[in-house]
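# Notes for the structure review
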Amino acid sequence: MSKRIMCRCEDVTYGEYRAAFAEGFTELESLKRYTGVGTGFCQGKGCLVEAALELSALRGVPPEEIRLTNIRPPVEPVTFADLAALDPPPLIGELERARAAATPPSGDEEDGS
Amino acid sequence: MIALPTGPVPATADAVVVGGGINGLATAVELARRGLKDIVVLEKAYLGSGSTGRCGGGIRQVWTTEENILLARESVALYERLSGELGLQTFFRQGGYLMVTEDASQLDLLRDAVALQKRCGVRSEFLEPQDCRDLVPGLSVERLAGALFCRDDGTAYPFSVVWGYARAARRLGVKVFIRTELLDVSTAGVRIVGVRTTRGDIATPRLINCAGPWARTLAAKVGVSLPNRQERHEIMVSESYKPFLDPMVISISSGIYFSQGMRGELLGGIGDPGEPHWDAADRFDTRSQLRFAARFARALIDHFPPAAGLRLMRQWAGLYDVTPDHRPILGGVPGLDGYHHLCGFSGHGFMLAPVAARRMARHILTGEPDEIIASLSLDRFERDEIEVDAFVVG
């Protein structure tokens, strides 16, 4: 089993990633939750591309056919003190929501579609 | 192994379950355990991609209505055995639920709830504010009027439970199809006779609607009108820290809840009364909002000042499938043989699905009456006064 590290934040190796694939986790969204790849403090900035390329090799399909995981805010971890200092902005407005209903809000959020 | 089939769906099945979340997978497993043979589960994205995988993983018995307490008690007993039954670690951890209030007018409610819970066999107790500090060092107890603590409540990791059921389903011969969407349902007179999916048609006498927030849209295809509304609820995790928080803390006055996961991350959310609700899948919006992060951070620091220096790492949103009384809808509908639903869990599906699925599978296969299912049937909204449990939070 390869001990080469794929995700440095969560200490996930290529060997563990391949074992998860062999167990039946064949999508990046599931591999992420099962192995922890991309769930550490860098949130996948260091490993998401590695994970996608490895999955493309394991499935034998070109990289562009690999669906990436949803990207979640914030870009970098932020202290609760800094967030609490913000005036809570309003909810995304009804006008925008109407527009969003006409065109799906974001292509990578598959649950919203 | 949870390896899933690809290719076309089978031409016939004894039951088609719609939804690859905890309700659908648990229902399929419970039906298969009772001997039903050809069961197909349809999931339009990946397992747990709907509400199950977005939830906070809390499992609690602290409610104010007897029906909720008894069902939750049965659920905790089931969760205590579930890792062994499924053959996968669910990370169920009974750190307890500490339900607090800052509102002195709610103290009688807490005391009455403890009395009722005790009568129902639940080990909960009323706590004075200063006693809460022993349970959660750092908690801002001077703000509190009182609290209720139940040591047997806890949390589990939602995806582990989903994968555990998927693994059990595979062992029992259930065919689980991901990336497979239900397009239409055919009926003949008063009977379900088949479904059309993106991987082909299945002739089946049973359709079980476990589609969560999409259940209403599915029910409409067979002429069943559900009162469910869907709401966005947001949630977050912090970076990981060494263990500092044992129970789930939940406030019935501010609507915040937070716990520490097995990986050390603080996990929590807060309801937002300004959120709209929807009644059709094409309106869903699960984008994350800065408003949530700011509101959650304020409430968290108010309740637990040591969190000020911790860092929010990731936030996301999911959908609640909410009924008028915030209780699930179970059973079938008169005049439509073979149609059943487990939906409308109103934000409490993860904690109740295993026991709901067990009761529903028995009811579907034996036809024997079940008093819980009867009390949660769709027609209750026409029949009964709507009673909302006072411990619905968020």
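Residues numbered from 1 in each chain as written. Chains lettered and ligands numbered in written order. Predicted model: local features only at pLDDT ≥ 70, side-chain atom pairs only at ≥ 80, totals over all residues.

## Examining the overall build of chain B
Per the secondary structure count, chain B includes 10 helices and 20 strands. Whereas a compact globule of 394 residues would reach a radius of gyration of roughly 21 Å, chain B reaches 21 Å, a difference of no more than 12%. The buried share of chain B, taken over its 394 residues, is 53%. In chain B, of all internal contacts separated by at least 6 residues, the share reaching a separation of at least 24 is 76%. (Helix = DSSP H or I, 4+ residues; strand = E, 2+ residues; numbered from the N terminus. Rg over C-alpha atoms; globule rule 2.2 N^0.38 Å. Buried ≥ 20, exposed ≤ 12 C-beta atoms within 10 Å, placed from the backbone. Contact = placed C-beta atoms within 7 Å.)

## Points about the environment of Asp285(B)
All names here are of chain B. In this fold, Asp285 is placed in the loop between β17 (277–278) and α7 (290–303). On the basis of neighbour counts, which here come to 22 C-beta atoms within 10 Å, the residue Asp285 falls in the buried class. Between the C-alpha atom of Asp285 and that of Gly318, which follows or precedes it by 33 residues, the distance is 9.0 Å.

## Re unusual backbone geometry
All names here are of chain A. A cis amide bond, omega -5°, links Pro73 with the succeeding residue Pro74. Following the sequence through the fold, Pro74 ends up in the loop between α3 (48–59) and β3 (78–79). Even without a glycine there, the phi angle at Gln43 is positive, about 55°. Tracing the backbone through its elements, the reader meets Gln43 in the loop between α2 (28–35) and α3. Judged by local crowding, Gln43 falls into the buried class, with 21 C-beta atoms found within 10 Å.

## Topic: the interface of chain A and chain B
Note: interface size is frequently given as the accessible area lost on complex formation between the parts. If you look at the interface, chain A gives 33 residues, while chain B gives 40 residues. The element that contributes the greatest number of residues to the side of chain A that touches chain B is helix α4 (residues 80–84) of chain A, accounting for 4 residues. Here the side of chain A that touches chain B is built from residues that sort into 18 nonpolar, 6 polar and 9 charged. (Nonpolar A, V, L, I, M, F, W, Y, C, P; charged D, E, K, R; others polar.)

## Observations concerning the sheet that holds strand β19 (residues 329–332) of chain B
Residue and element names in this part refer to chain B. Strand order across the open sheet formed by 6 strands is β8-β2-β1-β12-β20-β19, with mixed pairing between neighbours. The outermost strands of the open sheet, each flanked by one partner alone, are β8 (175–177) and β19. Between one strand axis and the next, the sheet turns through 15° on average, direction left out of account. Here strand β12 (residues 207–209) runs beside strand β20 (residues 339–343); their pairing, made up of 3 bridges, is parallel. By the bridge assignment for β20, Leu207 is matched with Tyr339. Lying over the sheet, helix α1 (residues 22–33) contacts β1 (15–18), β2 (39–42), β12 and β20, oriented at roughly 175° with respect to β2. (Pairing = 2+ DSSP bridges. Axes fitted to C-alpha atoms, helices over the stretch in contact; angles between N-to-C directions.)

## Digging into the domain arrangement of chain B
All names here are of chain B. Domain annotation of chain B identifies domain 1 (15–53 + 159–228 + 325–383) and domain 2 (94–153 + 229–322). With 14 residues of domain 1 in contact, the opposing surface of domain 2 contributes 12 residues. Of all the elements, helix α6 (residues 215–221) adds the most residues to the side of domain 1 that touches domain 2, at 3 residues. Residue composition of the side of domain 1 that touches domain 2, grouped by class: 5 nonpolar, 8 polar and 1 charged. (Domains from an automatic or database assignment.)

## Quick notes on the sheet that holds strand β11 (residues 200–203) of chain B
In sheet architecture, strand pairing relies on hydrogen bonds along the backbone and comes in two forms, parallel and antiparallel. All names here are of chain B. Taken in spatial order, the 3 strands of this open sheet run β9-β10-β11, and their pairing is antiparallel. Looking along the sheet, the strands with just one partner apiece sit at the ends: β9 (182–188) and β11. In this sheet, adjacent strand axes meet at a mean angle of 20° when their direction is disregarded. Both strand β10 (residues 191–197) and β11 contribute to a ladder of 4 bridges, which runs antiparallel.

## Considerations on helix α2 (residues 66–86) of chain B
Residue and element names in this part refer to chain B. For α2, spanning 21 residues, the distance from its first C-alpha to its last is 29 Å, which sits close to the expected 30 Å at 1.5 Å a residue. The sharpest bend along α2 reaches about 40° and sits at Glu80. Buried within α2 are the following residues: Asn68, Ile69, Leu71, Ala72, Ser75, Val76, Tyr79, Leu82 and Leu86. Turning to α2, the residues buried within the fold contact β3 (58–59), α3 (107–119), α5 (158–171), α8 (349–366) and α9 (371–375). Gly87 sits one or two residues past α2 and shows a positive phi near 75°. (Expected span 1.5 Å × (residues − 1). Bend = angle between axes of the 7 residues up to and from the residue.)

## Looking at the environment of Phe296(B)
Mapped onto the elements, Phe296(B) comes out in helix α7. Separated by 215 residues in the primary sequence, Phe296(B) and Arg81(B) have C-alpha atoms spaced 34 Å apart.

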